[in-house]
Amino acid sequence: MKWISFRYQGKQDYGVLTENEEIFSSEQLFGEAKPSSLLAYIEQPQPILNLAQIPCFQLKDVVVEIPIIPPNNVMAVGKNYYEHVLEMGSKEDVPEKMMLFTKSKNALLPHAGHIELHQSVTSQLDYEGELAVIIGKKIKNATLDEADQAIFGFTILNDITARDLQKQHKQFFIGKSLDTSAPMGPVILQKSRPLAEQSFSIQTLVNGELRQNGTTDQLIFPIAQIVAELSQGHTLLPGDIIATGTPKGVGKGMKPPQFLKEGDQIEIIISGIGTLKNTVVRSTERKEEQ
Ligand code: MG
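All of these numbers come straight from a predicted model, not from anything done at the bench. (Residues numbered from 1 in each chain as written. Predicted model: local features only at pLDDT ≥ 70, side-chain atom pairs only at ≥ 80, totals over all residues. Heavy atoms only, no water.)

In this section: the packing of aromatic side chains. The relation between two aromatic rings is expressed through the spacing of the ring centres and the mutual angle of the planes. Applying the stated criterion across every chain yields a total of nine aromatic pairs. Here Tyr 14 and Phe 30 contribute two aromatic rings whose centre-to-centre distance is 6.5 Å and whose plane-to-plane angle is 40°, an arrangement assigned as tilted. With Tyr 14 in strand 2 (residues 11-17) and Phe 30 in helix 1 (residues 26-30), the pair connects residues that are 16 residues apart, well separated along the chain. The buried category is assigned to Phe 30, whose relative accessible area is 6%. Relative to Phe 172, the ring of Phe 101 lies with its centre 5.3 Å away and its plane at 65°, an arrangement referred to as edge-to-face. (Phe/Tyr/Trp six-rings, centres within 6.5 Å; stacked < 30°, edge-to-face > 60°. Helix = DSSP H or I, 4+ residues; strand = E, 2+ residues; numbered from the N terminus. Buried < 20%, exposed > 50% of the residue type's maximum accessible area, 1.4 Å probe, protein only.)

Written out as structure tokens, the structure is:
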């Protein structure tokens, strides 16, 4: 089942997206006692009412929103595909322990939203197509099985990175957190079977050119291990988002490197989930009003 958050005629809603690109609204799913948002549903799941009615909306008529705003910053794993480690350096860089960092949740951007180029602060903006998991239950010190069972679902996340800032600072935070640096969506695929029975293919296209083509079978640290490790001494909450790493084929790894420029269209396709598409635009230099 695919969950989607959207706006229709200015009104915020969420629901279930069908194979025919139609949407059952939250009221159709839950009646008047519906959870107030998709995050509220993840926090306190309720039984779904009869779906045997006509969906309320067509996907083409709604504005797709960020599926959920997580309680914390987006957590992420670096260097989690062997070939990507090689394109960024050498095999000595293959991590023995998981490389973990966060991205500001203020950087989240919906499907079809514009990725800012930030040309005054970076000249090396790059994409990273990634599978992200959404936590469904509060967990701490989880075993691998408990981690597996705590996952609500999966989505697509573009871990946009300013490579020059990533390199300048010892920690990745600012290089990974410029505004609009976390496009996510368009939907959350609800998890329906154990992780061991599930793998995803990940492809990234820039202006139609295939740049990344990997599968989650290639992860150095698999998903259950990522979730379990992040929960050791650290509580994970419903709605927390964890990006699991990017396969080879980022712009920095090309010869010569090719960073993002105005007008570039990035599509990330993950099997079973869909396509996250965003366009790069030049930033306006104005300061936000205080
Ligand atoms: Mg990444």
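From this point, things continue past the structure.
In this structure, Val 227, Ile 242 and Ile 273 are the most contacted members of the largest nonpolar core, which totals 54 residues. Three or more residues apiece are contributed to this core by two domains, here domain 1 (2-64) and domain 2 (74-281). In this structure Ile 242 touches Met 75, Leu 131, Ala 132, Val 133, Ile 135, Ile 226, Val 227, Leu 230 and Leu 236, once residues within four positions along its chain are discounted. By size, the runner-up hydrophobic cluster in this structure holds 26 residues, among which are Ile 68, Ile 134, Ala 182 and Ile 188. (Core = buried A, V, L, I, M, F, W, Y, C linked by side-chain atoms within 4.5 Å. Domains from an automatic or database assignment. Contact = heavy atoms within 4.5 Å.)

Moving on: the coordination of the magnesium ion. The coordination sphere of the magnesium ion contains the protein donors Glu 128 (OE), Glu 130 (OE) and Asp 159 (OD), at a distance range of 2.0 to 2.1 Å. Counting along the primary sequence, the residues that act as donors to the magnesium ion give the motif E-x1-E-x28-D. Highlighted residues: Glu 128 in the loop between strand 10 (125-126) and strand 11 (129-135) and Asp 159 in the loop between strand 12 (151-158) and strand 13 (161-162), separated in sequence by 31 residues. The burial state of Glu 128 is the same as that of Asp 159; both residues are buried. (Donors = N, O, S within 2.8 Å, 3.2 Å for Na, K, Ca; no water.)

The strand order 9-19-18-15-16 describes an open sheet built from five strands, whose pairing is mixed. Among the strands making up the open sheet, the edge pair consists of strand 9 (114-116) and strand 16 (209-215). Between one strand axis and the next, the sheet turns by 20° as a mean value, whatever way the strands run. As paired strands, strand 15 (residues 201-206) and strand 16 are joined by six bridges and run antiparallel to one another. Its bridge partner lying in strand 16, Leu 205 is registered against Leu 210. (Pairing = 2+ DSSP bridges. Axes fitted to C-alpha atoms, helices over the stretch in contact; angles between N-to-C directions.)

Another point: helix 7 (residues 223-230). Within helix 7, six of the eight residues are buried, leaving the element largely enclosed by the surrounding structure. Restricting attention to buried positions, one finds in helix 7 the residues Ile 223, Ala 224, Ile 226, Val 227, Ala 228 and Leu 230. In this structure, the buried side of helix 7 is in contact with strand 6 (74-78), strand 7 (99-103), strand 11, helix 4 (144-149), strand 12 and strand 17 (241-243).

On to the pattern of salt bridges, then. Where side chains of opposite charge bring their charged atoms close, a pairing between them can arise. Applying the stated criterion across every chain yields a total of twelve salt bridges. A salt bridge links Lys 97 to Glu 229; the nearest nitrogen and oxygen atoms lie 3.8 Å apart. Of this pair, Lys 97 sits in the loop between helix 3 (82-88) and strand 7 while Glu 229 sits in helix 7, placing them 132 residues apart in sequence. Judged by relative accessible area, which is 27%, Glu 229 ranks as partly exposed. Residue Lys 261 pairs with Asp 264 through a salt bridge whose shortest N-O separation is 3.0 Å. Residue classification places Asp 264 among the buried residues on the basis of a relative accessible area of 4%. Residues participating in the shared-partner salt-bridge network are Lys 103, Asp 126, Glu 128, Asp 159, Arg 163 and Lys 176. (Salt bridge = Lys/Arg side-chain N within 4 Å of Asp/Glu carboxyl O.)

You can see Asn 158 is positioned in strand 12. Exposure remark for Asn 158: the relative accessible area of 1% places this residue in the buried category. A distance of 3.0 Å separates a polar atom in the side chain of Asn 158 from the backbone nitrogen of Glu 128. Not counting chain neighbours up to four residues away, the residues in contact with Asn 158 comprise Ile 115, Tyr 127, Glu 128, Gly 129, Ser 181, Ala 182, Pro 183, Ile 266, Ile 268 and Leu 276. (Polar contact = N/O pair within 3.5 Å; in protein donor to acceptor, adjacent residues only side chain to side chain.)

To continue, consider the domain arrangement of the protein chain. Along its sequence, the protein chain is carved into domain 1 (2-64) and domain 2 (74-281). Relative placement of domain 1 and domain 2: their C-alpha centres are 26 Å apart. Contacts between the two partners involve ten residues from domain 1, matched on the other side by 15 residues from domain 2. Here domain 1 meets domain 2 over a buried area of about 950 Å², counting both sides, of which 67% is carbon and sulfur. Counting the surface domain 1 buries against domain 2, the share from its top three residues, Lys 2, Trp 3 and Ile 42, is 58%. Linking domain 1 with domain 2 are zero salt bridges. Our count for the domain 1 to domain 2 interface comes out at three residue pairs in polar contact (both at pLDDT 80 or more). (Buried area = accessible area lost by both parts, 1.4 Å probe.)

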